[in-house]
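Remarks on the overall topology
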Amino acid sequence: MRRQLSPKSDTCTEGTVVDAAGISGKVGAHYPGRSPKTGSGDGEVSRGHSSPQSNGTKDRTWRQDLWNQCQRNGRKRQKPGLGCSGLVGKGTFGKREDSDERSKPYGGNGNKSHERTGLMEQIVSRENMIRAYERVVRNKGAAGVDGLSVTELKDHLKTNWPDIRERLLKDEYHPQAVRKVSIPKPNGGERILGIPTVMDRLIQQAIQQVLSPMYDPGFSESSYGFRPNRSAKQAVKAARDHMRRGNRWVVDMDLSKFFDEVNHERLLARLRREISDRRVIHLIDRYLRAGMMAGGVEETRRKGTPQGSPLSPLLSNIVLDELDKELEKRGHAFVRYADDFQIYVGTERSAERVRTSLTGFIEKKLRLKVNQDKSAIARPWKRSFLGYGFTSHKETRITVAKESLKRFKQKVKEKMRSGRGRNLKKFIANDLNPLLRGWMIYFSESEVKGFTTDLDGWIRRHLRKIKWRQMKRNWTRKQNLMKRGLSEEQAVRSAFNQRGAWWNAGARHMNFAYPGRYFDALDLVRLSTIHSRYHL
């Protein structure tokens, strides 16, 4: 291609287009600082053809000089990802970008606040990566297949971030396999987790921080899982409100292994509707298909988004948003938290009809599986939702589900077994109190409080059982009971009664010797006290 040079001008003339790979543009661009060479007196310079006046080296020098001159004059159009901005300088994530450049979407078009074509630049920006790093460090977590821990991440980034950032921008980054971990489910079975490497967790967190503000405003108001300023407690309150409005039948749908069944192609197709930056699409695709390492063998994945990664909750909401929109279109009252959702209707017949039609939609349209054994149509007070239960009163009240109480007692028993032979005060402070406090804070929305008093008494009885066993010998028990205020006759009768530890822990003599105020002095948390703080 030939370019017309202007022998009188020292700058790039109107219409010159320059990119990082070379120059392509209209006639009018000239070689600054040099008279044009002509082969036939026509005032043109030959490019890409051999001639006595031009060779490959001079042509490259000619183009480089013109590129530099046009950069100085501010008339350049930069090829995506290959410009001067964003180069890593001092600091872990490079220099701070200019505020004007940060405010513009990719491609320099500033007329849309969420232009999708430059998301990768936003993802790897200094501010976003710092926020992602702080979140990953705060969450801690186990190491992935490479063994790199969170504490070692900073040093790793100082050495490797420039190369990783460049590969991300060039669409050449490939994540490592995730580490397969199995944990027991509360109601039986196992849940499969995929633990990414700490470096991949950082990148996924950075992606989530950019994509979440794009997608979250469009999600349903009835969706509460893994969203900013929304919680499980709000979901439970919304469910209660639906019941109070007269929806006294519930369609409780259970998705079978939802996170393992997500269809990759459908998910990526939905992402492409909003995201034009193919580098982001390709990167998410690689994360979805990353192998799962178990016992040194890498398993190939063709579906599912393994739990355990920062990106998985957002992707699950994107998949199930289609379900939310369908329920809204049908006018149903429903509440969804991640893959747990319930639909509330007025009659049993309506519930049957909704269950049948919705099962077809989920399995045929979304290509997910409904667990028919766990799905049910019932009265709301006969089902649980997110660990909570509901009363059958006309003015429905929130309570703690029986299954949740059973699991809580099992956890407390396991803790008590580890408390044998230990200092009781330290055991309470370091092991027992964190469990009690965390559990009660989660179930603080319960509008029925009687269970807290019963649990407090049950927990103190377990602690008295530990005290009884720690005294071991009957004579030691007699002496300690007398020190705690019992008469000698009462102490002898109690210490030598030949009953078991659990019976004695609930008997009058142990309640008298070790009353509630004894455990208050050991700073034992009272569930009733925590509950009352939320229901003044």
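Presented here is an overview of the structure given in this document. (Residues numbered from 1 in each chain as written. Predicted model: local features only at pLDDT ≥ 70, side-chain atom pairs only at ≥ 80, totals over all residues. Heavy atoms only, no water.)

1. Examining the packing of helix α13 (residues 402-418) against helix α14 (residues 424-442)
Relative to each other, α13 and α14 sit at 175°, their axes nearing to 10 Å. Classified by the angle their axes make, α13 and α14 are roughly antiparallel. Contact residues: α13 offers S404, L405, F408, K411, V412, K415, M416 and S418, while α14 offers F427, D431, L432, L435, L436 and W439. Of the residues in the contact of α13 with α14, the class split is nine nonpolar, two polar and three charged. (Axes fitted to C-alpha atoms, helices over the stretch in contact; angles between N-to-C directions. Helix = DSSP H or I, 4+ residues; strand = E, 2+ residues; numbered from the N terminus. Parallel < 35°, antiparallel > 145°, perpendicular 65-115°, else oblique. Contact = heavy atoms within 4.5 Å. Nonpolar A, V, L, I, M, F, W, Y, C, P; charged D, E, K, R; others polar.)

2. Topic: the pairing of strand β7 (residues 249-254)
Taken residue by residue, a regular strand's side chains alternate between the two faces of the sheet. Most of β7 is tucked away: five of the six residues are buried. Pairing geometry for β7 and strand β11 (residues 340-345), over six bridges, is antiparallel. Of the residues in β11, the one forming a bridge with D252 is Q342. Pairing analysis gives three bridges linking β7 to strand β12 (residues 376-378), with the strands arranged antiparallel. (Buried < 20%, exposed > 50% of the residue type's maximum accessible area, 1.4 Å probe, protein only. Pairing = 2+ DSSP bridges.)

3. Re the side chain of N317
The topology assignment puts N317 in helix α11 (residues 312-330). Owing to a relative accessible area of 1%, N317 belongs among the buried residues under this scheme. Ignoring anything within four residues of it in the chain, the contact list for N317 reads F219, S223, G225, F226, R227 and R336.

4. Topic: the nonpolar core
L271, I284, I343 and I362 are the most contacted members of the largest nonpolar core, which has 66 residues in total. The element best represented in this core is helix α6 (residues 198-215), accounting for 10 residues. Judged by nonpolar contacts, the second largest core, of 52 residues, contains A232, A235, Y344 and A501. (Core = buried A, V, L, I, M, F, W, Y, C linked by side-chain atoms within 4.5 Å.)

5. Points about the sheet that holds strand β9 (residues 297-299)
Read across the open sheet, the four strands follow the order β6-β5-β8-β9; overall the sheet is mixed. The open sheet terminates on both sides in strands that have one partner only, identified here as β6 (190-195) and β9. The average undirected angle you get between the axes of adjacent strands in this sheet is 40°. The pairing of strand β8 (residues 292-294) with β9 spans three bridges and is antiparallel. Counted as the bridge partner of M293 is E298 from β9.

6. Re the sheet that holds β12
Strand order in the open sheet made by the four strands is β10-β11-β7-β12, with antiparallel pairing throughout. Looking along the sheet, the strands with just one partner apiece sit at the ends: β10 (333-337) and β12. Neighbouring strand axes in the sheet, compared pairwise and without regard to direction, differ in orientation by 15° on average. Relative to β10, α11 is tilted by about 175°, and along the sheet it contacts β10 and β11. Strands β7, β11 and β12 of the sheet are contacted by helix α12 (residues 348-365), whose axis makes an angle of about 20° with β7.

7. Structural notes on unusual backbone geometry
With phi around 65°, D171 is a residue other than glycine that occupies positive phi space. Structurally, the position occupied by D171 is in the loop between α5 (153-169) and β5 (178-184).

8. Comments concerning the environment of R336
Of note, R336 is situated in strand β10. For R336, a relative accessible area of 0% translates into the label buried. Remark: the alpha-carbon pair of R336 and D321, spanning 15 residues in sequence, is separated by 9.9 Å. Setting aside its immediate chain neighbours within four residues, R336 contacts S222, S223, Y224, G225, N317, L320, D321, D324 and F341. Polar side-chain contacts of R336 include one of 3.2 Å to the side chain of N317. Engagement of the side chain of R336 in a polar contact is seen with the backbone oxygen of A338, the distance being 2.8 Å. (Polar contact = N/O pair within 3.5 Å; in protein donor to acceptor, adjacent residues only side chain to side chain.)

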